[in-house]
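Residues per chain are reported as follows:
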Amino acid sequence: MTLQKKRALHIGNVSLLLLGAMSHNALADDTPTQLPDITVTAPSPIQRHRTAPTRTPSHVVRAAPSRNRERAAAVQPAPAAPAPQQGVLPVVTDQFATVTVIPNEELRRSGAATLGDLLFSKPGITGSSFAPGASSRPIIRGLDVNRVGIVENGLGGGGVSDLGEDHFVPIDPLSTNQIEVVRGPAALRYGSTSIGGVVSATNNRIPDAMPTCAAAPFQSYGLPVKAPLAGAGAPGCLNVETRTSVSSVNRGVDGGMLLDAGGNNVAVHADVYGRTTSDYSIPSYPYLFVPGQPFNSRQPNSATQSDGASVGASYFFQGGYIGAAITQNDSFYHIPGIDGADHQTRIDAHQTKIAVKGEYRPDAAAIDAVRFWVGATDYRHNEIGLADPADLSSDGVRQTFTNKEQEARVEVQMMPFNARFATVTTAFGLQGGHQELTAPSPDDPTSPLNGLWDPNKNNRVAGYVFNELKFTDTTKAQIAGRIEHVDLSGTTPAFIPPIFDVATDPASIGPATPQSAHYTPKSGSLGLIQNLPWDLVASATAQYVERAPKPAELFSRGPHDATGTFDIGNPNLGIETAKSIEIGLRRATGPLRFELTGYYTRFDGFIFRRLTGNTCDESACQLGPGLELNQARYSQRDAIFRGAEFQSQFDIGPLNGGIWGIENQFDVVRATFTDGSNVPRIPPVRLGGGFYWRDSNWLTRINLVHAFAQNDIAVIGETPTAGYNLLNAEITYNTKLNSSWIGAREMTLGLVGNNLLNQNIRNSVSYTKDEVLMPGLGVRAFANLKF
């Protein structure tokens with residue numbers, strides 16, 4: 001371990017001890033800070049239903065409950081959530097998986113355009129940063145693309161971001177209300193493509209509750225009359241929210257509007273959003289090893305434009321609801337980097353997605369709830385650029401990616417039953433899906449290496465079961481298992497030797513040969529949660545997870561500009577296996593809130609792109625360097641990932657009518673193959689901290705994250721990455737309004753400063769880090785209004 005990493009670990013340990021010492025009095029005389037509930041739904045199909053305590057008025061006639069449980073009225077509006085406290089660290093203690101939550105108020109303050117940018121500095125998480133602001137996919141504990149699932153409202157994101165780092169994720173934070181990140185294996189519920197974790201975005205596009213509206217003021221005109229009963233003959237309800245911001249670093253403007261209405265057992269949602277930016281400013285010349293390129297203080301070819309819209313509705317009936325939504329996502333963005341700037345590379349992407357979901361709670365002795373999700377997506381993007389950088393008339397489509405995908409999932413949650421030794425709650429799930437992928441190129445349609453792969457298909461079906469055992473109020477366990485079957489079919493050359501040239505000798509590679517592969521991954525997990533004194537919660541989990549290869553890993557046989565490689569798939573790949581253990585200690589209430597996690601994962605048959613040292617162009621490969629693309633063959637080796645994550649907040653005390661405190665964070669991941677060599681593109685050690693002050697209206701915060709240099713790199717195709725200091729600050733004001741003023745009932749305004757030190761920031765996990773800098777100093781102003 002390097003001196004810098006030892007120093008980072010020592011600093012992290014000292015900061016934890018200091019926090020423990022500073023909080024001694026708080027822990028001894030602990031009056032818990034009242035925090036709003038955090039509800040997460042991604043990790044487990046077993047959902048816990050919290051009911052807010054209510055006062056029972058006198059002289060009320062109560063209906064007798066059914067033999068199983070009290071039944072709610074046919075249509076219940078969504079319960080009014082407690083007002084969130086801005087800037088409070090959300091810590092989840094009732095889930096067996098490690099979950100990071102980005103609540104709505106943090107999403108609004110962040111203003112990130114992609115999920116990867118949003119999660120860039122979260123402990124244990126970062127983004128791929130291929131094209132900041134346009135295509136940046138989340139990376140969890142050093143694992144990306146084929147091992148990190150991305151879902152929206154319980155269904156897959158439906159793009160092709162897992163097939164190329166330059167492809168955008170068709171989920172925009174501007175239209176999202178909450179993000180949940182399951183750090184560590186989430187494959188038991190979502191499939192083997194989530195062996196590293198899952199990022200779950202939720203919004204109200206399919207309403208799951210009737211909307212609530214602020215009650216109009218009751219006018220008594222000084223007469224002694226009683227106010228009308230709430231809900232008696234209540235008319236329809238309409239809520240409108242606007243989200244807008246401007247940014248200096250990229251001259252960006254974004255805006256969105258959301259509408260939620262309901263009445264007569266029907267709830268309707270509609271939203272529309274859009275954003276546009278120019279090339280973003282950077283601190284210095286971006287190209288690390290290529291001097292003399294054109295530069296005007298901005299990252300060349302980094303402008304973006306995106307928009308989207310959705311409309312959905314749900315019908316509510318006794319014990320449940322059913323709803324549907326249709327969503328359109330469009331994005332047009334430029335690809336930075338030397339090749340992207342020279343060829344003026346752009347991606348024009350479009351996705352249409354249809355989703356249906358519902359829930360039914362029968363008045364039955366055995367079944368608590370039945371839930372289902374059905375979705376279909378039609379995705380297509382064109383990669384546009386100059387065939388010849390010197391000939392502007394050669395602009396055109398260079399490659400097209402398409403994804404037609406369907407998915408369905410149903411879950412049945414059983415009623416808890418007393419097994420004497422524990423109260424047991426069980427949930428069963430079935431999942432199925434079909435996907436068709438193409439990636440043709442019009443440049444040379446007769447070439448046997450046209451595009452990245454030939455059209456291919458995959459089908460998958462799975463079943464899973466979760467059991468939660470409540471031994472006491474302080475001790476709980478979970479046992480879960482999953483089995484799935486995956487069929488993949490496509491076409492690849494019968495063989496691709498290390499050296500070939502199909503332009504001069506078409507027979508230098510084998511003939512196109514149909515291929516099919518069949519896998520049956522099996523997974524299981526065991527978890528334990530133990531409540532401890534001082535509101536501490538300890539957890540321990542062990543998981544065995546298997547992953548079937550993805551189509552790109554089996555059937556690729558062509559140039560992949562995003563990674564700068566000529567990818568050669570391997571139809572003979574086997575199942576990848578991960579064996580993980582994880583321990584955690586968390587505290588969600590009181591003046592000291594924190595979570596500390598350590599993990600160890602061993603991969604058997606870890607699938608990766610192995611750089612051979614040869615180089616290629618679009619139709620040939622040769623020994624050694626000389627051509628523009630590195631030859632990469634999908635291969636398997638055993639690997640070990642281990643690491644730790646820590647984050648905390650400590651409310652030191654009152655100040656000027658509010659509360660001020662300190663926060664800090666630390667994360668490290670070390671990934672090696674079993675021979676001791678390094679797994680490529682791993683995030684660096686990071687250590688950070690800051691100060692905050694908040695009251696019922698204001699939040700001010702300043703935070704510094706230091707990333708240490710990353711020198712643990714692969715032998716071929718990777719360079720060291722320098723460290724950096726990322727300093728951010730923000731101030732936010734939230735207040736209720738008199739609706740007679742501008743019609744709005746709530747307003748949030750804020751200013752956010754990013755990279756205030758204007759540092760050169762290169763992301764060690766990015767394929768383009770030596771040519772693409774992260775944005776420099778910038779200020780963002782935002783305003784949200786609720787009507």
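To be clear, the structure that these remarks concern was listed above.
Residues numbered from 1 in each chain as written. Predicted model: local features only at pLDDT ≥ 70, side-chain atom pairs only at ≥ 80, totals over all residues. Heavy atoms only, no water.

Quick look at the state of the cysteines now. Linking two cysteines covalently via their sulfur atoms produces the bond known as a disulfide. Counting across every chain of the model gives one disulfide. Disulfide pairing is shown between C616 and C621; the S-S distance is 1.9 Å. Judged by the sign of its S-S torsion, about 100°, the bond between C616 and C621 is right-handed. Take C616: its relative accessible area is 0%, and that puts it in the buried class. Residue classification places C621 among the buried residues on the basis of a relative accessible area of 3%. (Disulfide = S-S within 2.5 Å. Buried < 20%, exposed > 50% of the residue type's maximum accessible area, 1.4 Å probe, protein only.)

A cluster of acidic residues, D339, D342, D444, D561, E618 and E628, forms a negative patch on the protein surface. Structurally, the position occupied by D444 is in the loop between β17 (423-438) and β18 (456-470). Residue D444 is classed as partly exposed on the basis of its relative accessible area, which comes to 39%. (Patch = residues over 30% accessible without salt bridge, like charges linked within 9 Å, V, L, I, M, F, W, Y side chains within 5 Å. Areas by Shrake-Rupley, 256 points an atom, 1.4 Å probe, with all protein chains shown as cover. Salt bridge = Lys/Arg side-chain N within 4 Å of Asp/Glu carboxyl O. Lys, Arg positive; Asp, Glu negative; His and termini not counted. Charge placed at Lys NZ, Arg CZ, Asp CG, Glu CD. Helix = DSSP H or I, 4+ residues; strand = E, 2+ residues; numbered from the N terminus.)

So, on to unusual backbone geometry. Backbone geometry at V145 places phi at a positive 25°, although glycine is not the residue there. Residue position: V145 is located in the loop between β3 (138-140) and β4 (148-152). One non-glycine residue, N755, adopts positive backbone phi at about 50°. Relative to the elements of secondary structure, N755 occurs in the loop between β34 (746-754) and β35 (778-786). The buried category is assigned to N755, whose relative accessible area is 3%.

On to the nonpolar core, then. Ranked by size, the top nonpolar core spans 18 residues in total, and within it V160, L163, Y333, I335, F401 and W453 carry the most contacts. Apart from residues no more than four positions distant in its own chain, Y333 is found in contact with A134, S135, D166, H167, F168, A303, T304, T345, R346 and I347. Counting 16 residues, the second-largest nonpolar core is a separate cluster that includes L115, I171, V181 and V199. (Core = buried A, V, L, I, M, F, W, Y, C linked by side-chain atoms within 4.5 Å. Contact = heavy atoms within 4.5 Å.)

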